[in-house]
Every structure is written in C-alpha cells, then in structure tokens.
Amino acid sequence: MLLYRLVLTFLALPIALWLGLRVLRGQETRHDLRERLGLDGPAAPPDGPLLWLHGASNGELTSARDLIETLLKRDPALRMVVTANSVTGRNMVSGWRLPRLRARLAPLDYRICLQRFMVGHPPAAVLLLEGDLWPNRFAMAANQRVPVFMLSARISGKSFGMWQRLGGLASGMLGAVRLLSAQDEASERRFLDLGLRPDAIGPRLTLKSTVSLAAPDANLVADLARVFDRADTFLAASTHDGEEPQVIAAFLAARAQRPDMKMILAPRHPKRGPEVAKLLSDAGLRACTRSAAEVPDPETDVYLVDTLGEMALWYALSGPCFVGGSLVDRGGHTPYEPAQFGCAILHGPHLSNFAEQYAALDAGQAAIRTESADALGHALAKMSVEQQRALATAAKTVLSSPVSAQLNALIDAMAHAAGLPALATRKT
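Predicted model only: the values in this text are computed from it and were never measured.

K.L.:
For empty space enclosed by the protein, give the residues involved together with the corresponding values.
P.N.:
Where empty space is left in the structure can be found by rolling a water-sized probe over the atoms. Taken as a whole and assessed by the stated rule, the structure comprises one cavity of 30 Å³ or more. As a volume, the largest cavity reaches approximately 30 Å³. Along the walls of the largest cavity sit Leu51, Ala125, Leu127, Phe149, Met414, Ala415, Ala418, Leu420 and Leu423, which together make up its complete lining. Contributing elements (two or more residues each) for the lining of the largest cavity: β4 (125–129) and α19 (403–418). Among the elements that line the lining of the largest cavity, the one with the most residues is α19, at three residues. For the lining of the largest cavity, the class distribution of residues is nine nonpolar, no polar and no charged.

K.L.:
Now, about the sheet that holds strand β2 (residues 79–84): what can you tell me, with residues and values included?
P.N.:
On the basis of which strands lie adjacent, the open sheet formed by six strands has the order β3-β2-β1-β4-β5-β6 and parallel pairing. Two strands in the sheet have a free side with no partner beyond their single neighbour: β3 (101–105) and β6 (177–182). Here the average twist between neighbouring strands, direction ignored, is 20°. Summarising the sheet, β2 and β3 pair through five bridges and their orientation is parallel. If you follow alanine 84 over to β3, its bridge partner there is leucine 105. Each of β1 (50–55), β2, β3, β4 and β5 (148–153) touches helix α4 (residues 65–74); the most contacted strand, β2, lies at about 160° to it.

K.L.:
Tell me about the packing of helix α6 (residues 111–120) against helix α7 (residues 135–143), and please be specific about residues and values.
P.N.:
Direction vectors running N to C along α6 and α7 enclose 50°, while the axes themselves pass 10 Å from each other. By the angle between their directions, the pair α6 and α7 is classed as oblique. Crossing geometry of α6 relative to α7 is assigned as right-handed. Contacts from Arg111, Leu114, Gln115 and Met118 of α6 reach α7 at Asn136, Arg137 and Met140. For the contact of α6 with α7, the class distribution of residues is three nonpolar, two polar and two charged.

K.L.:
Break down helix α10 (residues 185–193) for me, citing the residues and quoting the values.
P.N.:
Among all positions of α10, only Ser187, Glu188 and Phe191 are buried. Projected onto a plane normal to the axis of α10, the buried residues spread over an arc of 105° and lie on a single side. Buried residues along α10 sit in contact with β5, α9 (168–174) and β6. Two or three places before alanine 186, at the opening of α10, aspartate 184 has a side-chain oxygen 3.3 Å from that residue's backbone nitrogen. Positive backbone phi, approximately 125°, marks glycine 195, located one or two places after α10.

K.L.:
Residue-level account of the environment of serine 181, with values.
P.N.:
Relative to the helices and strands, serine 181 resides in strand β6. Between the C-alpha atoms of serine 181 and leucine 129, which are 52 residues apart in sequence, the distance is 9.7 Å. Not counting the four nearest positions on each side in its chain, serine 181 is found in contact with Met150, Leu151, Ser152, Ala153, Pro203, Arg204, Leu205 and Leu410. Separated by 3.4 Å, the side chain of serine 181 and the backbone nitrogen of leucine 205 make a polar contact.

K.L.:
Summarise the layout of surface pockets; cite the residues concerned and give the values.
P.N.:
Empty space within the second largest pocket amounts to approximately 320 Å³. What lines the second largest pocket is a set of 14 residues, and nearest its centre among them are Trp18, Arg36, Leu108, Asp109 and Trp134. Sort the elements by how many residues they give to the lining of the second largest pocket and helix α1 (residues 2–24) lands first, with five residues. Along the lines of polarity and charge, the residues of the lining of the second largest pocket split into ten nonpolar, one polar and three charged.

K.L.:
Before we move on, can you summarise the nonpolar core with the specific residues and values?
P.N.:
Core analysis: the biggest nonpolar cluster contains 37 residues, and Phe138, Val148, Met150, Trp163, Val177, Leu180 and Phe191 have the highest contact counts within it. Non-local contacts of phenylalanine 138, meaning those with residues more than four positions away in its chain, are made with Leu128, Leu133, Val148, Met150, Met173, Ala176 and Val177.

K.L.:
Please provide a residue-by-residue account of unusual backbone geometry, values included.
P.N.:
Of note in the backbone geometry, arginine 97 takes a positive phi value of approximately 55° without being a glycine. Note on placement: arginine 97 falls in the loop between α5 (87–95) and β3. For alanine 293, which is not glycine, the phi torsion reads 60° and is therefore positive. Along the polypeptide, alanine 293 turns up in the loop between β9 (287–289) and β10 (302–304).

Thresholds applied
- Residues numbered from 1 in each chain as written.
- Predicted model: local features only at pLDDT ≥ 70, side-chain atom pairs only at ≥ 80, totals over all residues.
- Heavy atoms only, no water.
- 1 Å grid on protein atoms, 1.4 Å probe; cavity = no way out; pocket = protein on both sides within 12 Å on 5 of 7 lines; lining within 4 Å.
- Points joined across faces, edges and corners; volume = space filled by probe spheres on them.
- Helix = DSSP H or I, 4+ residues; strand = E, 2+ residues; numbered from the N terminus.
- Nonpolar A, V, L, I, M, F, W, Y, C, P; charged D, E, K, R; others polar.
- Pairing = 2+ DSSP bridges.
- Axes fitted to C-alpha atoms, helices over the stretch in contact; angles between N-to-C directions.
- Contact = heavy atoms within 4.5 Å.
- Parallel < 35°, antiparallel > 145°, perpendicular 65-115°, else oblique.
- Left-handed = near helix turned anticlockwise from the far one by under 90°.
- Buried < 20%, exposed > 50% of the residue type's maximum accessible area, 1.4 Å probe, protein only.
- Arc of directions from axis to C-beta.
- Polar contact = N/O pair within 3.5 Å; in protein donor to acceptor, adjacent residues only side chain to side chain.
- Core = buried A, V, L, I, M, F, W, Y, C linked by side-chain atoms within 4.5 Å.

Now the structure itself:
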C-alpha cells in the first residue's frame, strides 16, 4: 500500500495537468473537476442510511439499475449516491430521475479526495460493480469499518496475473470485502486465490442478466422495416477495432449467395464512425450513417449506426446478430440483449466476459460459434428463417432464469452482512 501511495504521489502532477486540459478543452467543467476532487458534496449528510454504489462504465451502471430500484423500494429511508468514472455515465444515472439518488463523478483514489467525498456522503456500505479496483477506496472503507460489497464481480486471467505480481496489495484490499457476488466460477476462484476470505463468498449473479431494454418505437421499427427485412438483415453489434474488416468480409461472402442481405453495423464506440465508414467505402459498399441523419433506402447495403442508446431498435430489425468483441480479444459482449429481441446469435471465440453463458448457449444449440470471418460468412449464407427462429427460441430458453429471486437473495445477504435489516424486509 505504501508503494501504491508513493506512485500516486509521483503521478499527482500529470493527473492534475490532464484534468486541467480536459477543462480547458471543454471536455469537462470546473464542477466536474471539483467532483473528481471530492468537493461539492451536500452541506449536511443525508438523513437515513446511505449506500455508495460505483460503476466504471455506462454498461455496468445500466446493469445495476434493477438492483438500485429494488434497494430504494425496500427501504423508504434509504438514500444512494452513485458514482461513475465518466461524465456520460454520471449524466445517464442522473437522467433516470430516481428518488433519493444522487449521481456524481467518482473521487480520485487519493485519501484527501476520498475523505472529502465521504464526509458529505458517509456510507453505510460501499457497493462496487464488476472489477474497478482502487486500493485507497478499500483502505478508507476498512479504516471506517464500512462494509464493502463486490457485485457482479469479474476478473480476467490477465488482471489476476497483474494483481498476483503486486504481492499483498490485492489481499489487503480484499480483506475489506464483506461479501463478493461473482459473475462466474472462474472469477470467484481467482478472487479467493488473491486473498478473499471464503466466508465472504455470496450468491453468484451476473447483473447484466437483469437488464431488459425498453421496446423501441413501433412506428420507427415499421418505417425502417420497409428497407430492412428481418430475415435478410444481419446486425453486427458492438464491434471493435480490428473486428469490422472481418465482419465486412463475412457480409460480402454471404451476399455472394444471398444478394438481398443487408447489414446494420453498430460499432461499440460511436466516435469510430468515420473510421468504419472508410472501411465500408473501401469495400465498395453503399452505406449511410445514422449520426449524419442519412436515411437508408432499398439501395443501401449497410446502415452504419454510430449512435448511443438505440440498440433495441437494431435488435428489433435484425434476424441474425453477431455479438462483437468476440472475433478480437475483448471478451465478448452480452448475449442477453439479442436474446431478448429474438435474434439468432453468432459469436467468435473470445468470450471471457460471459464464458458460462456462451458455453450454455453453444451446448444448447442456441448460438453459432464462428472462429473466423470465413466461418461467419458461411454461417450467414446458410442460415434459413427456420434456423433463425430455432436459435432465437433456444437462446431465450437457455438464458431464462429466476433473476428476481436471485436478486432478492443477493440483497438479503447484503442486508445481513451490512447490518441493515430494513433492506431484508421486502416492501410492496
């Protein structure tokens, strides 16, 4: 821990310069900077118990929405502060407009920033999503005897190796953990190997399995369906750098046998839109771009949807769906969303983020694993309407589970561990 704090001290000036540049460039405001420094908290701590929940990304925070709403419903006196690493994440949570919830940028992992934050937001418990591990955050909680819960926790083999090389730093952090709910058995075992106490293991739950996207506007679906016939529309969802050339090659190969096929291409990071548009142009494909308000027509080959918050619309329009992050080593993205909308799921070999779920899908003949662009193109070319329906039906069956019961069991375990009996009483 001492070495970690010395490194943070050494990095203080570069971090300050980086934050100052973000303000000068208009990427963040002075208020954003003050939040990162732990400032601008409430004048007085809130009445009633307060939970601090932190998620690094929009996806993690979205996955926790059902958990957050359930916690708030169970105890009318409960308040929550939710922190995010990014301005977009914080603004997204603010936009939910949930009662008794405040969204902020996460304080930097300096003790002075954390102290300032926790004075205004004294937590009864700290809830950390997935794997955003910051040593001082754990140490401050331990010093104040605040229980730490790690929820939907996941750690890759690569991250596990890194923490192992850091000696006792990981075990020191995990000593503050009262309960850990892992996504999968492999992550559970790795956290135990890093020093988690066996009695801290709680019910296993992938919070992303609780996410249900709102149905898209029916009129918009009907309007676009005039161009995109579902059986012949291939969605490449949440693709990454190095993956689009493979997806484009697969699409071209499939179109050689199915000339009516169209593609909706949704990069994971919309800012990569211009880069992906050039790939499409170089491949000789006629594309239109969502962010430019271009309207697809029957002559459109590819609809490049470089926007956020519209994935439900693209799932609703598509029959076969390739889940990105799996033909390149990004661990693969959620299968729950395409399954919700009845898509036929295809994926690559890199699946560490949802290893158990994809193993179950493959074993249940509810998805198609493709090792390469050639294999993906072949699968698309041969996929009939009947096979699409069979895959979609099987995926819903495989991924369906009593999630509400699992979520309630997790909250009961948290309530017991944190000494918050009101949370253990279900309120209707």
